[in-house]
Amino acid sequence: MAASLGSLAKSHPRLLLQLSTVLRISCRTGACKFSETRNPSVPDLSKCSNFTSVACYNDGYRLNGCPSASSESHHGDTDKAGASYSIGLFGSAAWLFFKKKEEEETIELFVAKATVAEQKGRMDEAEDFYHRAIVLAHQQQEEDKATYIYDLMANFYLRIHKHLQAERLFKETIKRLLEAGYQQYDPTVIEISLKLASMYDIQFRYTEAEAGFRFCVSQAKEGLKAYKDRQTQALKDKKEGSAEQTVDTATKEEKEEEEEEHLRNLYATLGLSLDAFAKFTSDRGHLVEAEAAYVRAIGICENELAIDGRPHAQLPTLLNDLGTVYERRKDYNKAMEVVSRAEVLARTDPDNLPIILCNKATIHLRIGEREEATSLFRKALRLAEQTQNEETILFVRRAMSQLAAPRMEEVKQE
């Protein structure tokens, strides 16, 4: 029997921490979009407590150049979801049997059909299937599943840039989560709040966006505090207990692993919130605040999210972004220091290395080292062309256009 969202929230549900749901922020492009990937097969709505997974700095998560809306949905193989029935060799009797089965409308079937329709570019059809899934969920009083579908549909609207509809459904999802027992500092709630804040930013609603990003940072910190307070109280209760409860060793180890993962989720949520806030404040020209947020996020990657002494894979991108802040503040020594460190860490990352090299080339250009800048720009372009990533190639070429600027000024002066 499936547990409710509320009960699962109170027991800290495990969140899917992978590239499947990621807030992807570019190092230098100045854009912010979301990349949402769902289960390639028909969703298991009996486990819809994980209906939205926090975009965290866990294994596989990294920042990169922002994908286009069309690239934000990678659902994998959908042959099962989109299977159709035909008469074929089965004859009319078999056809009638399968037709009857097909007509047995289920929430899962509507969601699967919506997924397939979106993959095929039939957005109106996908939207209709989502609506039918929500109606059916309410009719069957499957409120947990309804919340799951609200989130799916909100992300669908986000992918196709219908921000007002996405905003309305994200707010409805948060409302339903809170009514089900989630706290405002739950990573799931914060993830949706980050999406809302980013949509406000895109729509030039900067006051609401700033309030949203600050809310996410403060609630992520509150979540960590609440967790530590619970741990302290549990330890105190254990010491004051008159009798020690016998706990199975395997159960104890499993509980410890879940607690450790939950703590990493909380730190990852804080890191993500700081990253998004730093990006926003940097774009607004509030570079001191941006620096502080990046430094804290970097610290989380180096310490709380480090594994076996190795810093998290997100670190080079954060260092690169911090270098951008220093460059804009004309603190070129610090900028060169952190970007050079990012370059070393990203040598095995063909997607981000060209962007980092562009940043380093720009710093060389700022301090008058034109020859070094030209060499790095050419290297960045060569690496970008090897990856065949069109967006990265365009980014590098746009950055290289800085080389022509001084020469154009010289021509004007002559």
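Our structure's up above, just so we're on the same page.
First, a word on scope: everything that follows refers to the structure included in this document. Not measured: the values here are computed from a predicted model. (Residues numbered from 1 in each chain as written. Predicted model: local features only at pLDDT ≥ 70, side-chain atom pairs only at ≥ 80, totals over all residues. Heavy atoms only, no water.)

### Some details on the nonpolar core
To keep it simple, the criterion reads: Buried residues of nine kinds, namely Ala, Val, Leu, Ile, Met, Phe, Trp, Tyr and Cys, make up a nonpolar core once their side-chain atoms join them within 4.5 Å. Burial here depends on accessible area, computed with a 1.4 Å probe over protein chains only, as a share of the maximum for the residue type. Under 20% is buried, over 50% is exposed, and the range in between is partly exposed. By the convention used here, residues are in contact when the closest approach between their heavy atoms is within 4.5 Å.
In terms of nonpolar packing, the biggest core is built from 95 residues, with Ile149, Phe170, Phe213, Phe377 and Val396 touching the most fellow members. Once you skip the residues sitting within four places of it in the chain, phenylalanine 213 turns out to touch Leu194, Ala197, Ser198, Ala276, Phe277 and Phe280.

### Regarding unusual backbone geometry
Let me state the cut-off plainly: Going along the chain from the N terminus, every DSSP run of H or I of four or more residues is numbered as a helix, and every run of E of two or more is numbered as a strand.
Of note, glutamine 141 is a non-glycine position whose phi angle comes to about 55°, a positive value. Tracing the chain through its elements places glutamine 141 in the loop between α4 (123–139) and α5 (143–159).

### A short note on the packing of aromatic side chains
What counts here: Ring pairs are drawn from Phe, Tyr and Trp, using the six-membered ring of Trp, whenever the two centres fall within 6.5 Å, and their geometry is named by plane angle: stacked under 30 degrees, edge-to-face over 60, tilted for the rest.
All told, the structure shown has 5 aromatic pairs when counted by the stated rule. Seen in terms of ring centroids, phenylalanine 204 and tyrosine 206 are 6.2 Å apart; in terms of plane orientation they differ by 90°. Their pairing is edge-to-face. Looking at phenylalanine 204, the relative accessible area reads 63%, which means it is exposed. Judged by relative accessible area, tyrosine 206 falls into the partly exposed class, the value being 31%.

### Regarding a negative patch on the surface
Keep this limit in mind: The patches reported here contain residues having more than 30% relative accessible area and no salt bridge. Joining distances are 9 Å for like charges and 5 Å for nonpolar side chains (Val, Leu, Ile, Met, Phe, Trp, Tyr). Note on areas: Shrake-Rupley with a 1.4 Å probe; residue coverage comes only from the protein chains shown. Note on definitions: salt bridges are taken to be side-chain nitrogens of Lys or Arg within 4 Å of carboxyl oxygens of Asp or Glu. Residues scored as charged are limited to Lys and Arg (positive) and Asp and Glu (negative), so that His and the chain ends carry no count. Taken as the charge centre is NZ of Lys, CZ of Arg, CG of Asp or CD of Glu, depending on the residue.
A surface patch of negative charge is lined by Glu253, Glu254, Glu256, Glu257, Glu258 and Glu260. Positionally, glutamate 258 belongs in helix α9 (residues 249–283). Residue glutamate 258 is classed as partly exposed on the basis of its relative accessible area, which comes to 36%.

### Quick notes on the pattern of salt bridges
Tallied over the full model, the rule gives 21 salt bridges. The salt bridge partner of lysine 195 is glutamate 191, with a shortest N-O separation of 3.4 Å. Residue lysine 195 and its partner glutamate 191 are both found in helix α7 (residues 187–202); the two are separated by 4 residues, about one turn of the helix. Take glutamate 191: its relative accessible area is 2%, and that puts it in the buried class. The salt bridge partner of lysine 225 is aspartate 229, with a shortest N-O separation of 3.1 Å.

### Things to note about the environment of threonine 387
With respect to the element layout, threonine 387 can be found in helix α14 (residues 370–387). The exposure class of threonine 387 is partly exposed, given its relative accessible area of 27%. Threonine 387 sits 36 residues away from aspartate 351 along the chain, and the two C-alpha atoms are 7.0 Å apart. Apart from residues no more than four positions distant in its own chain, threonine 387 is found in contact with Pro350 and Asp351.

### A word on helix α12 (residues 332–345)
How we decide: An expected span of 1.5 Å times one less than the residue number is assigned to each helix.
Under the 1.5 Å per step criterion, the end-to-end length of α12 is 20 Å for 14 residues, consistent within 8% with the ideal 20 Å. For α12, every residue scored as buried is listed here: Tyr332, Ala335, Met336, Val338, Val339, Ala342 and Glu343. In this structure, the buried side of α12 is in contact with α11 (315–328) and α13 (353–366).

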